[in-house]
Amino acid sequence: MPRHSETRRLPYSAEQMFDLVADVGRYAEFLPWVSAIRIRSDNETEMVADMIVGFKGLRETFTSKVDKERSRHLHVDYLDGPLRYLRNDWEFRPDGNGCLVDFSVDFAFKNRVFEMLAGQVFGAALRRMIGAFEERAAALYGVPTPDSGSGVTGSRSSSAHKAA
C-alpha cells in the first residue's frame, strides 16, 4: 500500500499555494493522467469532485471530498472508485518569503493487480505529479529571482515507503 510524506519549501505564499491546490477544477490542465474533473459541490469549507484518471489504456473515476481550511490546510477523503481508501493532506505554513508545504498521501486499491502496478510506478508517478504542482505555481505566480529578495528556494525533504 503506497504511502508518502514530504515537505517542500517554495517561494510562494501559503495563500497562493492553497489557492493552487484547492482549484481542483483546473487539475486536468496540468496534472499528468488527469483527463477530466467534475465538481459536484463547492463552498468555502468543502468540495466534492469526480476525477477521471487514465494511464496506459486504464481509465478510472475517483470521487473525493475535500475539507478546506482557508490558506492553511486541505484534507481529502475518498468517497468512491477503485480504491479501498485514500487519505491525502496538504498543509501550508508561512516561512520567510515563501511557505512550507507538507504533503502526505496514503491509499490502497481494491484490485490487487492495480495495487501491484501502483507499487511499481508509485515513486516516479508521485514525483511527476508534485513537479506538476510546482511548475503550475511558477506559471501562475512567476519564478522569483535572487534579486527579488526571496531567499526561499524549492527545497524538499521527504520520506516515502511502501507499507507491507
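As the structure is a computational prediction, the values presented were derived from the model and not from experiment.

Asker: Looking at this structure, I do not really get the overall build of the protein. What am I missing?
Answerer: Scanning the protein from terminus to terminus reveals three helices and eight strands. A buried classification covers 41% of the 164 residues belonging to the protein. Contacts spanning at least 24 positions in sequence make up 52% of the contacts within the protein whose residues lie at least 6 apart.

Asker: I would appreciate a short explanation of the pairing of strand 5 (residues 73-80) in the present structure.
Answerer: It is a general feature of regular strands that their side chains alternate between the two faces of the sheet. The pairing of strand 4 (residues 58-69) with strand 5 spans seven bridges and is classified as antiparallel. Bridging from a neighbouring strand, Lys-65 pairs with Asp-77 of strand 5. Counted between consecutive antiparallel strands, the loop separating strand 4 from strand 5 contains three residues, among which Ser-71 sits at a positive phi close to 60 degrees. Pairing geometry for strand 5 and strand 6 (residues 83-95), over five bridges, is antiparallel. When the sheet's bridge partners are listed, Val-76 is paired in strand 6 with Asn-88. Taking the residues that link successive antiparallel strands as the turn, the strand 5-strand 6 hairpin has two residues, and the phi of Gly-81 there is positive, at about 135 degrees.

Rules used in this analysis
- Numbers given to residues run from 1 along each chain, matching the order in which its sequence is written.
- pLDDT decides what is reported in this predicted model: residues at 70 or higher carry local features, side-chain atom pairs at 80 or more are listed and counted, and totals for whole chains, interfaces and linings draw on all residues regardless.
- Excluding hydrogens and water, the side-chain values take into account all heavy atoms of the structure.
- Numbering of helices and strands runs from the N terminus, with a helix taken as a DSSP run of H or I at least four residues long and a strand as a DSSP run of E at least two residues long.
- For every residue, the accessible area obtained with a 1.4 Å probe (protein chains only) is divided by the maximum for its type, and the residue is called buried under 20%, exposed over 50%, and partly exposed between those limits.
- Whether two residues touch is decided by their heavy atoms; if any such pair falls within 4.5 Å, the residues are in contact.
- The pairing criterion for strands is at least two bridges between them, as found by DSSP.

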